[in-house]
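# Inside the fold
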Amino acid sequence: MKEIICIVCPKGCHLQVDENNGYKVTGNKCTRGIVYGEKEVTNPTRVLTSIVPIEGGMYSCCTVKTSEDIPKEKIMEVMELLKNIKIKSPVNIGDIVISNICGTKSNWVVTKNM
Amino acid sequence: MDINYDVVIVGGGPAGLAAACSAKENGAKKVLVIERDIEAGGILNQCIHNGFGLHIFKEELTGPEYADRYEKMAADLEIEIMLNTMVLSINKEKKIHAVNATNGVLIIQAQAIILAMGCRERTRGAIAIPGDRGAGIFTAGTAQRYINIEGYMVGKNVVILGSGDIGLIMARRMTLEGANVLACIEICPYSNGLNRNIVQCLNDYDIPLYLSHTITNVIGKERVEKVVISEVDENKNPIEGSEIEINCDTLLLSVGLIPENELSKEVGIELDPRTKGAVVYENMETNISGVFGCGNVVHVHDLVDFVSEESVRAGKGAAEYVLKKKKSIKKVVKVYPGEHISYIIPQKIRIKNDVNKTQLFFRVDNVYKNGKIIVKDGDDILIEIKRAHLAPGEMEKITIPSSKLERLKYNNIVLELLV
């Protein structure tokens, strides 16, 4: 039995995940907790956010995120991809900066119109 | 330019934008938002992490994306947003003095005003940290702005004092940008941030959290070189002999937020010493009729979604005030925090002929397990609810149904926690 805190919403439910019983989740207050609980024990993932330099924008940097959650162990590798990236204004929310990051189905996408 | 408006909102952050949209949707015709920054969205613009919007939009957005949703709504509703403009004062006649580089001094006449100025961070001075005064000490929000908006990295080896949400978010953010975050130091025996942020910002990156510890010295004449941390006793006094030195070049402070009420004080708005924000009625109106408040200027929230919801009530209240939809008030009920409750919003409820259910928002004063929240009117128990986990960092809410409000005998509501 693994005890974890759900990070899906700010409630922070205290979940128990039973690895010996088909990853049965208890302690969740909503169905998203079931999905999170199993995933956190079998294949934990996170959404990443960062910035990239932008030319001609209202500020020198534009904000970006991964369009999907990515495996936790790839976090630093996925961050590394942004090192030499520079984008040009105008950009819109959802525009892809880097696609198919590190063999995941996720893309680095813009999160601010600039 | 026109100087007469139905509703003027001071501050174009999440509270101001949501209040403006709500005022317009509820019938106010001319609505103006005054914002001092070069863009609307307020502090959301530097909160580039995700997790916003789960309540309102049923999806996880980043701060800039959440702000963009509301900016679009405001544009669709033809709400005017005046940027780069600082409000200097408001008065009881609802005249607003503001200044900007294009128009000079402006005197704007509003019929209703909504205060949405947000809050500011407590600084090193506010908590009196001893030691040298070299460079490298930032409030967490200032560091967040430098890194996320201006694109400057503020340090390499970082210690964070305080486990508020911004500090936790910055621990992760600086780690991802290549810094070593050495420790997060919290004077309380529990964290003041959301549990999810402890998990995904500290635990994910193996950043140690020192509970019941504080910083007792900062060393470094030019730039921070090290900090000394000490364990504290139950009265939060440092325990001699427990000192640990941590070599670092940067200290971030995440030690609390204070509602920014300079304008409110000047116009004579009654403030609650518990929240440091205005005393408000159920529709977010202050003691000055036609002046409303919402968001972090009233009380510091942990979730922007709740700011937006509260601001919708303020906007509706302001629109009804302008449209003179005032209903006759039967009585005013006072709401008091009882045992283990640090504050409650609203502090007053006006009972009208057609009573609406009213939500009470409150925080507890410590971490509790298996507590029972009781809402009483005199000796009458109105509501009893059990909660498995309660913490000061997580705002709680309870709804009092209209049927209960109609039948109040003592008109003195007390909310308390039994543990």
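The present account deals with the structure reproduced in this document. (Residues numbered from 1 in each chain as written. Chains lettered and ligands numbered in written order. Predicted model: local features only at pLDDT ≥ 70, side-chain atom pairs only at ≥ 80, totals over all residues. Heavy atoms only, no water.)

### Focus: the overall build of chain B
A tally of helices and strands in chain B yields 9 helices and 29 strands. Against the globule reference of 22 Å for 419 residues, chain B gives a C-alpha radius of gyration of 22 Å, in line with a compact fold. Oriented by its inertia axes, the alpha-carbon framework of chain B measures out at about 65 × 60 × 40 Å. When burial is assessed residue by residue, chain B has 56% of its 419 residues classed as buried. Taking as baseline every contact in chain B between residues at least 6 positions apart, the subset at least 24 positions apart corresponds to 62%. As displayed, chain B has an accessible area near 17400 Å², and 49% of this comes from carbon and sulfur atoms. Across chain B, the 49 positively charged side chains and the 55 negatively charged ones have centroids separated by 7 Å. (Helix = DSSP H or I, 4+ residues; strand = E, 2+ residues; numbered from the N terminus. Rg over C-alpha atoms; globule rule 2.2 N^0.38 Å. Buried < 20%, exposed > 50% of the residue type's maximum accessible area, 1.4 Å probe, protein only. Contact = heavy atoms within 4.5 Å. Areas by Shrake-Rupley, 256 points an atom, 1.4 Å probe, with all protein chains shown as cover. Lys, Arg positive; Asp, Glu negative; His and termini not counted. Charge placed at Lys NZ, Arg CZ, Asp CG, Glu CD.)

### With respect to the sheet that holds strand E17 (residues 250-253) of chain B
All names here are of chain B. A sheet is described by the order of its strands in space; here 5 strands give the open sequence E10-E17-E11-E12-E13, paired in parallel fashion. Lying at the two open borders of the sheet, with one neighbouring strand each, are strand E10 (137-139) and strand E13 (209-210). Two elements, strand E12 (residues 180-185) and E13, share 2 bridges in a ladder whose sense is parallel. Across the sheet, residue Ile 185 finds its bridge partner in E13, namely Tyr 210. (Pairing = 2+ DSSP bridges.)

### Thoughts on the environment of Val 181 of chain B
Residue and element names in this part refer to chain B. Within the secondary structure, Val 181 is located in strand E12. Sequence spacing of Val 181 and Asp 206 is 25 residues, and the spatial spacing of their C-alpha atoms is 9.4 Å. Excluding residues that lie within four positions of it along the chain, Val 181 makes contacts with Val 158, Ile 160, Ala 171, Met 174, Thr 175 and Ile 207.

### Some remarks on helix H6 (residues 195-202) of chain B
With 7 of 8 residues buried, H6 of chain B lies mostly within the body of the structure. Here H6 of chain B has its buried residues at Arg 196, Asn 197, Ile 198, Val 199, Gln 200, Cys 201 and Leu 202 of chain B. Looking at the packing, one finds that the buried side of H6 of chain B touches strand E1 (2-5) and strand E4 (45-46) of chain A together with strand E3 (50-52), helix H5 (165-176), E12 and E13 of chain B.

### Details of the interface of chain A and chain B
The interface of chain A with chain B comprises 30 residues on the first partner and 34 residues on the second. Summed over both sides, the interface of chain A with chain B buries roughly 2800 Å², with 56% coming from carbon and sulfur. The three residues of chain A that bury the most area against chain B are Pro 10, Thr 49 and Tyr 59 of chain A, which together make up 23% of that side's buried surface. Counting the contacts that link chain A with chain B gives 4 salt bridges. The interface formed by chain A and chain B holds 11 residue pairs in polar contact (both at pLDDT 80 or more) in total. Every element with two or more residues in the side of chain A that touches chain B is listed here: strand E5 (49-55), strand E6 (61-66) and helix H2 (75-80) of chain A. Considering only residue class, the side of chain A that touches chain B consists of 16 nonpolar, 8 polar and 6 charged. (Buried area = accessible area lost by both parts, 1.4 Å probe. Salt bridge = Lys/Arg side-chain N within 4 Å of Asp/Glu carboxyl O. Polar contact = N/O pair within 3.5 Å; in protein donor to acceptor, adjacent residues only side chain to side chain. Nonpolar A, V, L, I, M, F, W, Y, C, P; charged D, E, K, R; others polar.)

### Focus on the sheet that holds strand E28 (residues 396-400) of chain B
Residue and element names in this part refer to chain B. Spatial strand order, E23-E25-E28: 3 strands in an open sheet with antiparallel pairing. Looking at strand neighbours, the two that pair on one side only are strand E23 (341-345) and E28, the edges of this open sheet. This sheet shows a mean twist of 25° between the axes of neighbouring strands, independent of strand direction. Two strands pair when backbone bridges link them, and E23 and strand E25 (residues 358-364) are joined in this way by 4 bridges, in the antiparallel orientation. (Axes fitted to C-alpha atoms, helices over the stretch in contact; angles between N-to-C directions.)

### What to know about helix H2 (residues 63-76) of chain B
In an α-helix there are 3.6 residues to a turn, and that puts residues three or four apart on one side. With 14 residues, H2 of chain B extends 20 Å between its outermost C-alpha atoms, agreeing within 8% with the 20 Å of an ideal straight helix rising 1.5 Å per residue. Looking at H2 of chain B, one finds that the buried residues are Gly 63, Pro 64, Glu 65, Tyr 66, Ala 67, Asp 68, Tyr 70 and Ala 74 of chain B. The secondary structure elements touched by the buried residues of H2 of chain B are E6 of chain A together with helix H1 (14-25), E3, strand E4 (61-62), strand E5 (80-82) and helix H8 (304-322) of chain B. Among the residues trailing H2 of chain B, Glu 78 of chain B stands out with phi positive, at a value near 55°. (Expected span 1.5 Å × (residues − 1).)

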